[in-house]
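Residues per chain, in single letters:
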Amino acid sequence: MSSMSSVAGLSKYITTLPKTKFSIMVILIISFLIGGTSYLVDFVPNQGILHDLFYGGLYGIVVFGITSIMSGALNQQVISGFHGINLKIKHSMFLTGLSMTFLGIVIILGNIVSWFIHADLFLNSMLFGCVLIYGFNTLVFWATSKVRFTIAAITGLIQPILILAMYTLITFLFIDTSFMGPLILQITLKALVAAIIFVLAIYAFITVIASPFKKNLGIGVLDLLSLFIAHMNEGSNSLEGLFEPMSEAIDTVVTFVSFKTEAGIKSLFISPSVHPGPLGNLGGSNMPTILANKFDHFTMVAHGPSTHDFNPIAVSEIDKIESTVKNGLKQVEYSPNASKFIRYNSEKANIGVQFFNEGMVILSTFAPEAVDDIEFGVGLTMMAQSRSRCHVEDSIIVDCHNSFAPESGEVLPGNAEVFHLIDVIDKIDKNQNMSSIKVGCYENPMPTLDKQEGIGESGIKTMVIEVDNQRTAYVLFDSNNMEIGFRQEIIDAVSDLEIDEIEVMTTDTHTVNTLSRGYNPIGIAKRSEIIEYVKISISEAIDDLEKVEVGTGTEKIKNLNTFGPNNSTELISTISSVVAVSKIIAPVLLITALLIVFMWIFFGGL
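Here the structure is a predicted model, which is why all the values come from computation and not from measurement.

Visitor: I'd like a description of the overall build of the protein, backed by residues and values.
Guide: Of the regular secondary structure elements, the protein holds 17 helices and 12 strands. Projected onto its principal axes, the C-alpha coordinates of the protein cover approximately 105 × 50 × 40 Å. When each of the 606 residues of the protein is scored for burial, the buried share is 55%. Across the protein, the fraction of contacts at a sequence separation of at least 24, relative to all contacts at a separation of at least 6, is 79%. The centroid of the 36 positive side-chain charges in the protein is displaced by 4 Å from the centroid of its 57 negative side-chain charges.

Set out below in structure tokens:
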């Protein structure tokens, strides 16, 4: 699997946390179970099950539940007070509930061992568990809240201190006070030394993984993680500011086909060689929708030849594409002439070609083979070759992006697929009969589907083009690629409609990439419902058919700030390598620290 696939797979850890009230209720239930279970498996004889369950559960609520709820509220206030981000009250309460559960498991396991060896390990088990949750809380606060290590380490102490303090208080009030002095000293010293050992291991781990980011990219890994979480939780675009210093200005192209009636432009088909990424609403991720909405008429923004190297660094960069297209439209010459849609293939490469006035459209797909983005240089080669061969002014290359599998690779210079594309373009018959043209359009946001099904904001857009009694449907989903085989399923399903040809495309929007699958192609779920939308869109577009004139254009986009070839590759490879190295370093450091802490607490005397 590629580095990009590995990084995208990390988003499986993205999840939606429960509401605060639910977390509090769960904390109380789990704390009752922790206390009750601890009493049930302890070694105190002659106590009934109901007695242990009731008093143990009450003890658990007071010592673990109430203190965890208190710490959930305090953690959020402290982090916010130091201008930390991301830690809302629901996040804080969930974190303390999770930590309390870890602690409860350790205590129960300690009680089970105590029952077998006839020795009281309750206090040591609780100390060990408190050290674990202290390290865990510190790591979470430091890694996600954009606060200094010292602030994270101090805040991480709140929950274990409250739990130990409540335990000491309950012991003082209800059990035996003769050993309180030595007990407090023992708890303090053991916990302090153990906490220092464990948190230093965490500090060392973060320092090791942060080094490549600082050295290679000049950014902090914790800043990257914190701002990424802020984007996922709140839609914040602050992460764009982090990437701005590493941006690279490039020149690229945008091609388009414009259809107009006497009333003005009816529809616009745009293929920018700009990649709609990286993910969520960052940079150009929602470019197909944002760019289309900048025009007052029906606009389809297809996926031009481009990879993640050409991700705009900020949403504002899309304005440059808009102004370039609008300037180009002023120079377009129109005529009623167009050709029929014809398919060609060579080995893996399949293209659909249609001539419009002095230009042509090439819809490229490798379906049923699984392939990802076509690199910009390859696209330029296709443009130059097709213009030369077919004697046209403009060649609008579209990467249909409609056949995906997890192992899909990009089409890069040197790949065999490049030569398949070159060979198939050589097969194009440049002598085409030109006839008058009709166009009909329809768009639907597909309101019953959303990102969960791989559908972006623009849903589906369909344009039916009629030339010399041939009707061709251009169907464009606002999605990031298509599950392998689904394209053919759609083509087969609409065979009885009043069309002769169809091509199904996706915009490659990365707004749908915020879900647990990482990659989220259309067609994983609800295929029949999606096909119904396709049928409706084609029928509505046919009803909208009217005579038009057509013109094409090719314009250069200058100084578009993108991730750039070097930085994009560097970022992806750095993240991928850090993830790989962390799988080795984390167990070594943390397990070693845990063993030392365990030995210190259980066998350290005092």
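Past the structure itself, the notes keep going.
Visitor: Describe the environment of Pro 521, naming the residues involved and giving the relevant values.
Guide: Structurally, Pro 521 can be placed in the loop between β11 (501–506) and α16 (527–543). For Pro 521, a relative accessible area of 3% puts it in the buried group. Sequence separation of Pro 521 and Asp 223 is 298 residues, and the distance between their C-alpha atoms is 29 Å. Not counting residues up to four positions away in its chain, the partners in contact with Pro 521 are Phe 404, Asn 480, Asn 481, Met 482 and Glu 483.

Visitor: For the pairing of strand β9 (residues 460–467), give the residues involved together with the corresponding values.
Guide: With respect to burial, β9 is a largely interior element, eight of its eight residues being buried. Residues of β9 alternate between two faces, with Ile 460, Thr 462, Val 464 and Glu 466 on one and Lys 461, Met 463, Ile 465 and Val 467 on the opposite face, all of them buried. The pairing of strand β8 (residues 437–444) with β9 spans eight bridges and is classified as antiparallel. The partner of Ile 437 across the bridge, within β9, is Val 467. Looking at chain direction, β9 and strand β10 (residues 470–477) are connected through eight bridges and run antiparallel. Along β10, the bridge assignment pairs Ile 465 with Thr 472.

Visitor: Please give an account of the packing of aromatic side chains that cites residues and values.
Guide: For the coordinates displayed, the defined rule picks out 15 aromatic pairs. Here the aromatic rings of Phe 598 and Phe 602 are separated by 4.5 Å at their centres, their planes lie at 35°, and the arrangement is tilted. Here Phe 598 and its partner Phe 602 are both found in helix α17 (residues 565–603), four residues apart, which amounts to about one turn of the helix. An aromatic cluster is defined as three or more aromatic residues linked by ring pairs; in this entry it consists of Phe 128, Phe 598, Phe 602 and Phe 603. Residue placement shows Lys 326 over the ring face of Phe 295; its charged tip is 5.4 Å from the ring centre.

Visitor: Could you give an account of the sheet that holds strand β5 (residues 349–356), naming the residues involved and the relevant values?
Guide: The strands that make up a sheet pair up through hydrogen bonds in the backbone, lying either parallel or antiparallel. In space, the four strands of this open sheet follow the order β4-β5-β6-β7, with mixed pairing throughout. Strands at the two margins of the open sheet, each flanked by one partner only, are β4 (342–346) and β7 (394–399). Averaged over all neighbouring strand pairs, the angle between strand axes comes to 25°, with direction disregarded. Examined bridge by bridge, β5 and strand β6 (residues 359–365) share seven bridges and lie antiparallel to one another. Counterpart to Val 353 in the pairing with β6 is Ile 362. Packed onto the sheet, helix α13 (residues 376–390) meets β5, β6 and β7 and runs at close to 140° relative to β7.

Visitor: So what's going on with the pattern of salt bridges? Which residues, and what values?
Guide: Tallying each qualifying case throughout the model produces 17 salt bridges. Here Lys 461 ties to Glu 443 by a salt bridge, and the two come within 4.0 Å at their closest N and O atoms. On the criterion of sequence distance, the pair formed by Lys 461 in strand β9 and Glu 443 in strand β8 is long-range, its members being 18 residues apart. A relative accessible area of 42% places Glu 443 in the partly exposed class.

Visitor: Quick rundown of the nonpolar core? Include the residues and the values.
Guide: Core analysis: the biggest nonpolar cluster contains 43 residues, and Ile 321, Val 325 and Ile 428 have the highest contact counts within it. Broken down by element, the residue count for this core peaks at five residues, all from α13. If we skip the residues at most four places from it in the chain, Val 325 touches Val 254, Phe 256, Leu 268, Ile 270 and Phe 295.

Visitor: Break down α16 for me, with residues and values.
Guide: For α16, which comprises 17 residues, the first-to-last C-alpha distance of 25 Å matches the rise-based estimate of 24 Å (1.5 Å per residue) to within 8%. Looking only at α16, the buried set comprises Ile 530, Ile 531, Tyr 533, Val 534, Ser 537, Ile 538, Ala 541 and Ile 542. Angularly, the buried residues of α16 cover 165° about the axis, an arc narrow enough to put them on a single face. Opposite the buried face of α16, at more than 90 degrees from it, the exposed residues are Ser 528 and Asp 543.

Visitor: Could you give an account of helix α4 (residues 89–117), with specific residues and numbers?
Guide: Because an α-helix completes one turn every 3.6 residues, residues spaced three or four positions apart along the sequence face the same direction. Given a rise of 1.5 Å per residue, 29 residues ought to cover 42 Å, and the 42 Å separating the end C-alpha atoms of α4 matches this to within 8%. Positive backbone phi, at 55°, marks His 118, one or two positions downstream of α4.

Visitor: Give a detailed account of the packing of α13 against helix α14 (residues 416–425), specifying residues and quantitative values.
Guide: Each pair of packed helices can be described by the angle between their axes along with the distance between the axes. Axis separation between α13 and α14 bottoms out at 10 Å; the angle between their running directions is 15°. As summarised for this structure, α13 and α14 are arranged roughly parallel, according to the angle between their axes. Along this stretch, α13 crosses α14, giving a crossing that reads as right-handed. Counted together, Val 378, Thr 381, Met 382, Gln 385, Ser 386 and Arg 389 of α13 and Val 418, Leu 421, Ile 422 and Ile 425 of α14 form the full contact between these two elements. A class-by-class count of the residues in the contact of α13 with α14 yields six nonpolar, three polar and one charged.

Visitor: Residue-level account of the sheet that holds strand β1 (residues 248–261), with values.
Guide: In spatial order, the strands read β3-β2-β1-β12-β8-β9-β10-β11; together these eight strands make up an open sheet with mixed pairing. A single partner strand is all that each edge strand has here, and the edge strands are β3 (298–301) and β11. Direction aside, neighbouring strands of the sheet carry axes that sit 20° apart on average. Here strand β2 (residues 264–272) runs beside β3; their pairing, made up of four bridges, is parallel. Paired with Leu 268 across the bridge in β3 is Thr 299.

Visitor: Mind laying out a nonpolar patch on the surface, listing which residues take part and the relevant values?
Guide: Together, Phe 102, Ile 105, Leu 109, Ile 112, Val 113, Trp 115, Phe 116 and Ile 117 make up an exposed nonpolar region whose accessible area comes to about 780 Å². In this fold, Phe 116 is placed in helix α4. Accessibility expressed as a relative area gives 58% for Phe 116, which makes it exposed.

Visitor: Summarise the side chain of Thr 507; cite the residues concerned and give the values.
Guide: Along the chain, the position of Thr 507 falls in the loop between β11 and α16. Looking at Thr 507, the relative accessible area reads 4%, which means it is buried. Separated by 2.8 Å, the side chains of Thr 507 and Asp 478 make a polar contact. Apart from the residues lying within four places of it in its own chain, the contact partners of Thr 507 are Pro 276, Pro 288, Val 301, His 303, Leu 476, Phe 477, Asp 478 and Ser 479.

Visitor: With reference to specific residues and values, describe the environment of Ile 591.
Guide: The topology assignment puts Ile 591 in helix α17. A C-alpha to C-alpha distance of 28 Å links Ile 591 and Phe 228, two positions 363 residues apart in sequence.

Visitor: Report on the pairing of β10, specifying residues and quantitative values.
Guide: Counting buried positions along β10 yields seven of eight residues, so the element is predominantly enclosed. A crossover links β10 with its parallel partner β11, the connecting element being helix α15 (residues 486–493), and its sense is right-handed.

What counts, and at which threshold
Residues numbered from 1 in each chain as written. Predicted model: local features only at pLDDT ≥ 70, side-chain atom pairs only at ≥ 80, totals over all residues. Heavy atoms only, no water. Helix = DSSP H or I, 4+ residues; strand = E, 2+ residues; numbered from the N terminus. Buried < 20%, exposed > 50% of the residue type's maximum accessible area, 1.4 Å probe, protein only. Contact = heavy atoms within 4.5 Å. Lys, Arg positive; Asp, Glu negative; His and termini not counted. Charge placed at Lys NZ, Arg CZ, Asp CG, Glu CD. Pairing = 2+ DSSP bridges. Phe/Tyr/Trp six-rings, centres within 6.5 Å; stacked < 30°, edge-to-face > 60°. Lys NZ or Arg CZ within 6 Å of the ring centre and 35° of its normal. Axes fitted to C-alpha atoms, helices over the stretch in contact; angles between N-to-C directions. Salt bridge = Lys/Arg side-chain N within 4 Å of Asp/Glu carboxyl O. Core = buried A, V, L, I, M, F, W, Y, C linked by side-chain atoms within 4.5 Å. Expected span 1.5 Å × (residues − 1). Arc of directions from axis to C-beta. Parallel < 35°, antiparallel > 145°, perpendicular 65-115°, else oblique. Left-handed = near helix turned anticlockwise from the far one by under 90°. Nonpolar A, V, L, I, M, F, W, Y, C, P; charged D, E, K, R; others polar. Patch = residues over 30% accessible without salt bridge, like charges linked within 9 Å, V, L, I, M, F, W, Y side chains within 5 Å. Areas by Shrake-Rupley, 256 points an atom, 1.4 Å probe, with all protein chains shown as cover. Polar contact = N/O pair within 3.5 Å; in protein donor to acceptor, adjacent residues only side chain to side chain. Right-handed = clockwise from strand over helix to strand, strands pointing away.

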